[in-house]
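Fold and contact review
Chain by chain, the residues run as shown.
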Amino acid sequence: SGEWLRRPDRQGSCHAAICGASPGNALLTALPLFFRFLQNLRVAHDTRRRVPALPNALKYAVALLVVLFGALHPAVSSGQRLRTSDYNPWVQYAWLAAYLGATLYAFLWDVAMDWR
């Protein structure tokens, strides 16, 4: 719908939904990413081969950062709308760039490495 592009004071009911307002939900979402990250570090340590384990770990680390950054943003973690004076569009743009970068990296990694 593009509602996430609007300033927080102009967003509708989706912004105030309980499922998006809880940092606990994001932490639960982040747990599988964290476990896969640790598994890849363990594989790199046990096999003493950095590739492909460390680039794959990077895929999960970047995705984990995107989830945590989105969860800990003041508009989400407080569960309230930000005042117009508190709104900084660059924070949203930085999160969007990280989101797109993580998605592109994961896609390219999965196509190049996992489909062999």
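Nothing here was measured: the structure is a model prediction, and the numbers come from that model. (Residues numbered from 1 in each chain as written. Predicted model: local features only at pLDDT ≥ 70, side-chain atom pairs only at ≥ 80, totals over all residues. Heavy atoms only, no water.)

Here we come to the packing of aromatic side chains. Summed over all chains, the structure comprises 3 aromatic pairs. Ring centres 6.3 Å apart and planes at 50° place the aromatic pair Phe34 and Phe35 in the tilted group. With 5.3 Å between their ring centres and 80° between their planes, Trp90 and Tyr93 make a pair best called edge-to-face. Of this pair, Trp90 and Tyr93 both sit in helix 5 (residues 89-114), separated by 3 residues, roughly a single helical turn. (Phe/Tyr/Trp six-rings, centres within 6.5 Å; stacked < 30°, edge-to-face > 60°. Helix = DSSP H or I, 4+ residues; strand = E, 2+ residues; numbered from the N terminus.)

A rise of 1.5 Å per residue sets the reference length of helix 5, with its 26 residues, at 38 Å; its end C-alpha atoms lie 36 Å apart and thus fit the reference within 8%. Those residues of helix 5 lying buried are Gln92, Ala102 and Trp109. If you follow the buried residues of helix 5, they end up packed against helix 3 (53-72). (Expected span 1.5 Å × (residues − 1). Buried < 20%, exposed > 50% of the residue type's maximum accessible area, 1.4 Å probe, protein only. Contact = heavy atoms within 4.5 Å.)

Attention now goes to the side chain of Lys59. Within the secondary structure, Lys59 sits in helix 3. Classification of Lys59 as buried rests on a relative accessible area of 8%. A distance of 2.8 Å separates a polar atom in the side chain of Lys59 from a polar atom in the side chain of Asp110. Those residues in contact with Lys59, other than ones at most four positions away along the chain, are Tyr105, Ala106, Trp109, Asp110 and Asp114. (Polar contact = N/O pair within 3.5 Å; in protein donor to acceptor, adjacent residues only side chain to side chain.)

This paragraph deals with the confidence of the model for the protein chain. Confidence in the prediction of the protein chain, expressed as mean pLDDT, is 80, and 72% of residues score 70 or more. Ranking the helices and strands of the protein chain by mean pLDDT puts helix 2 (residues 23-47) first, with 91, and helix 4 (residues 74-77) last, with 53. (pLDDT = per-residue confidence, 0-100.)

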